[in-house]
Amino acid sequence: MHDIKLPKFVLNFLVEVLTRLGEGDIVQMTPMHAELIAQQAADILNMSRPTSIKLLDDGATPFNPIGNHRTVAYVDVMKYKETLLN
């Protein structure tokens, strides 16, 4: 057995992840700089893909057109989600 020293915020994070997993929740980690496709953004926002595409097209959050697809920054999706919660 080895002793490991962890900063308190890391320990709190691990406790939160393990608690949620123990409750049967899905835990997903996404890098802050990630680019998401419309379906991934829709999943985070708990809405349909067509609704998320309409929001992007209406300028709710910036996106990058790539061919026939749209990508949106994870941080922008989370900022928009925060506006929905307030």
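Residues numbered from 1 in each chain as written. Predicted model: local features only at pLDDT ≥ 70, side-chain atom pairs only at ≥ 80, totals over all residues. Heavy atoms only, no water.

Draft legend 1. Examining empty space enclosed by the protein more closely. Counted by the stated rule, this structure contains one cavity of 30 Å³ or more. There is about 70 Å³ of room inside the largest cavity. In terms of lining residues, the largest cavity is bounded by A41, L45, S52, L55, L56, A60, T61, V72, V77 and Y80. Within the residue set of the lining of the largest cavity, elements represented by two or more residues are α2 (38–45), α3 (49–57) and α4 (74–85). When residues of the lining of the largest cavity are assigned to their parent elements, the largest contribution, three residues, is made by α3. Residue composition of the lining of the largest cavity, by class: eight nonpolar, two polar and no charged. (1 Å grid on protein atoms, 1.4 Å probe; cavity = no way out; pocket = protein on both sides within 12 Å on 5 of 7 lines; lining within 4 Å. Points joined across faces, edges and corners; volume = space filled by probe spheres on them. Helix = DSSP H or I, 4+ residues; strand = E, 2+ residues; numbered from the N terminus. Nonpolar A, V, L, I, M, F, W, Y, C, P; charged D, E, K, R; others polar.)

Draft legend 2. Spatial organisation of the sheet that holds strand β2 (residues 64–66). Strand order in this open sheet of three strands is β1-β3-β2, and the pairing throughout is antiparallel. On the outer flanks of this sheet lie β1 (35–37) and β2, each paired with one strand and no other. Each adjacent strand pair in this sheet contributes to an overall mean axis angle of 35 degrees, direction not counted. As defined by bridge partners, β2 adjoins strand β3 (residues 69–73) across three bridges and the pair is classed as antiparallel. When the sheet's bridge partners are listed, N64 is paired in β3 with T71. Sheet strands in contact with α2 are β1 and β3, and its direction is about 90 degrees off that of β1. (Pairing = 2+ DSSP bridges. Axes fitted to C-alpha atoms, helices over the stretch in contact; angles between N-to-C directions. Contact = heavy atoms within 4.5 Å.)

Draft legend 3. Structural view of a nonpolar patch on the surface. A cluster of nonpolar side chains, namely I4, L6, L11, F13, L14, V15, L18, L21, V27 and M29, defines an oily patch on the protein surface of about 970 Å² accessible area. Relative to the helices and strands, L18 resides in helix α1 (residues 8–22). (Patch = residues over 30% accessible without salt bridge, like charges linked within 9 Å, V, L, I, M, F, W, Y side chains within 5 Å. Areas by Shrake-Rupley, 256 points an atom, 1.4 Å probe, with all protein chains shown as cover. Salt bridge = Lys/Arg side-chain N within 4 Å of Asp/Glu carboxyl O.)

Draft legend 4. Spatial organisation of the layout of surface pockets. Taken as a whole, the largest pocket spans an internal volume of roughly 310 Å³. Residue lining of the largest pocket: Q28, T30, L36, Q40, D43, I44, Y74, M78 and K81, and that is the complete set. Elements supplying a minimum of two residues to the lining of the largest pocket: α2 and α4. Residues of the lining of the largest pocket, tallied by class, amount to four nonpolar, three polar and two charged. Looking at the second largest pocket, the residues that line it are F13, E16, V17, R20, D25, I26, V27, Q28 and M29.

Draft legend 5. Region of interest: the pairing of β3. One ladder, built from three bridges, connects β1 with β3; its direction is antiparallel. When the bridges of β3 are listed, I37 appears paired with T71.

Draft legend 6. Focus on the pattern of salt bridges. Per the stated rule, a full pass over the model turns up three salt bridges. Between R20 and E16 there is a salt bridge, with its nearest N and O atoms 2.5 Å apart. Residue R20 and its partner E16 are located together in helix α1, separated by four residues, close to a single helical turn.

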